[in-house]
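Now for the letters of each chain:
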Amino acid sequence: MDREKISVCMACYNGELYIREQIDSILPQMSEEDELIIIDDGSTDQTGEIVQQIKDARIRYVRNASNMGVNKSFEKAIRMAKNDYIFMADQDDLWTDGRLGRMLEQMRRGSLLVSGNSIAIDGAGQETDYDLGRLSKADSGRYGKNILGIFTGKAYYYGCAMAFHKNLKKIILPFPDFIESHDLWIAMAANLAKSNAHLEETVLKRRIHGKNASVLQRKLTEKLYSRWIFVKSYVVLCRRLRKSGI
């Protein structure tokens, strides 16, 4: 039986080192009816050339006229997505075998959002002991606990390890300019809608290397600012949820 069509949304910027390897981990899991949307946020390296050398009709490559930032680039990709089930991907990670099928199976059970776990790899693709935290399946329906975890910075939601149903667009779009991370915004929306699922399985090899390692360590002032962003996000999402009918 043919399965549902899916859209994979990727935002990239100067990703020439790893983007081909990431795409090669995604395409074999897709069907001929699926799509991979790649938004290039004005790369100045060979990213665009590498992507366009891949002759695959499922790839929709779009280059931004100006640099929009990662949140707006992902928002653009999500808006473009034509299919019911939307997966997100970063430019330098690797999907694990079977990720798409396992996450799609979970969404068929009715969850708007499914988030899996990740392991860390280095620039050479070797597994490291960097702790990315783990989501517990038992916490899937503990919505208040999950939202509190987002507030305290102890919720291990990563957009690159997420997939969601298109109905969640009614709440998450448009992304407000004030949000810091699209992944926590999406996770909070699903938990407020009480339609969230965690997979125990590792669905992603997340690459921690020189260009992105610093984002994992934050100053106290940045953490305090993030708490303020949380409050604003919570208020906006509650309003949207009431209007959405979900």
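Structure: above.
Residues numbered from 1 in each chain as written. Predicted model: local features only at pLDDT ≥ 70, side-chain atom pairs only at ≥ 80, totals over all residues. Heavy atoms only, no water.

## Concerning the overall build of the protein
Of regular secondary structure, the protein possesses eight helices and eight strands. Expected size for 246 residues packed as a compact globule is a radius of gyration near 18 Å; at 17 Å, the protein falls within 12% of this value. Its C-alpha atoms give the protein principal-axis dimensions of about 45 × 45 × 35 Å. In the protein, which comprises 246 residues, the proportion classed as buried is 54%. Relative to all contacts within the protein whose residues are 6 or more apart in sequence, the contacts with residues 24 or more apart total 77%. Total accessible area computed for the protein in this model is approximately 11900 Å², and 50% of it derives from carbon and sulfur atoms. Each charge sign in the protein was given a centre, from 37 positive and 32 negative side chains, and these centres are 8 Å apart. (Helix = DSSP H or I, 4+ residues; strand = E, 2+ residues; numbered from the N terminus. Rg over C-alpha atoms; globule rule 2.2 N^0.38 Å. Buried < 20%, exposed > 50% of the residue type's maximum accessible area, 1.4 Å probe, protein only. Contact = heavy atoms within 4.5 Å. Areas by Shrake-Rupley, 256 points an atom, 1.4 Å probe, with all protein chains shown as cover. Lys, Arg positive; Asp, Glu negative; His and termini not counted. Charge placed at Lys NZ, Arg CZ, Asp CG, Glu CD.)

## Focus: the packing of helix α7 (residues 182–192) against helix α8 (residues 220–244)
Packing of α7 against α8 leaves a shortest axis separation of 10 Å and a crossing angle of 50°. Overall, the two elements α7 and α8 adopt an arrangement that is oblique. In the crossing of α7 with α8, the sense of the turn from one axis to the other is right-handed. Listed contacts from α8 to W185, M188, A189 and L192 of α7 are F230, S233, Y234, V236, L237, C238, R240 and L241. Split by residue class, the contact of α7 with α8 holds ten nonpolar, one polar and one charged. (Axes fitted to C-alpha atoms, helices over the stretch in contact; angles between N-to-C directions. Parallel < 35°, antiparallel > 145°, perpendicular 65-115°, else oblique. Left-handed = near helix turned anticlockwise from the far one by under 90°. Nonpolar A, V, L, I, M, F, W, Y, C, P; charged D, E, K, R; others polar.)

## Here we look at the pattern of salt bridges
For the coordinates displayed, the defined rule picks out 14 salt bridges. A salt bridge links E21 to R207; the shortest N-O distance between them is 3.1 Å. Taken together, the positions of E21 in helix α1 (residues 19–26) and R207 in strand β8 (residues 196–207) put the pair 186 residues apart, joining distant regions of the chain. With a relative accessible area of 38%, E21 lands in the partly exposed category. (Salt bridge = Lys/Arg side-chain N within 4 Å of Asp/Glu carboxyl O.)

## Points about the sheet that holds strand β3 (residues 59–63)
The eight strands lie next to each other as β3-β2-β1-β4-β7-β6-β8-β5, forming an open sheet whose pairing is mixed. Of all strands in the sheet, those with a lone pairing partner are β3 and β5 (94–95), marking the two edges. (Pairing = 2+ DSSP bridges.)

## Let's talk about α8
Between the first and last C-alpha of α8 there are 36 Å, a value that for 25 residues agrees with the 36 Å anticipated at 1.5 Å per step. Three or more residues of α8 are buried, namely S226, I229, F230, S233, L237, C238, R240, L241 and S244. Looking at the buried positions of α8, the neighbouring elements they touch are α5 (143–152), α6 (169–172) and α7. Looking one or two residues beyond α8, the residue adopting positive phi is G245, at roughly 80°. (Expected span 1.5 Å × (residues − 1).)

## Concerning the nonpolar core
I78, L113, F164, L168, I172, F175 and I186 are the most contacted members of the largest nonpolar core, which has 39 residues in total. With seven residues, the top contributor of residues to this core is α7. If we ignore the near neighbours within four places in the chain, the residues touching L168 are L112, L113, I186, A189 and A190. Ranked by size, the runner-up nonpolar core spans 35 residues in total, among them L27, I54, C160 and I208. (Core = buried A, V, L, I, M, F, W, Y, C linked by side-chain atoms within 4.5 Å.)

## What about α5?
Inspection of α5 places N146, I147, G149 and I150 among the buried residues, and these make up the whole buried set. Down the axis, α5 shows its buried residues gathered within 155° of arc, on one side only. The outward face of α5, more than 90 degrees from its buried face, is lined by the exposed residues G144 and L148. Where α5 is buried, its residues meet α7, β8 and α8. Following α5 by one or two positions, G153 adopts a phi angle in the positive range, close to 80°. (Arc of directions from axis to C-beta.)

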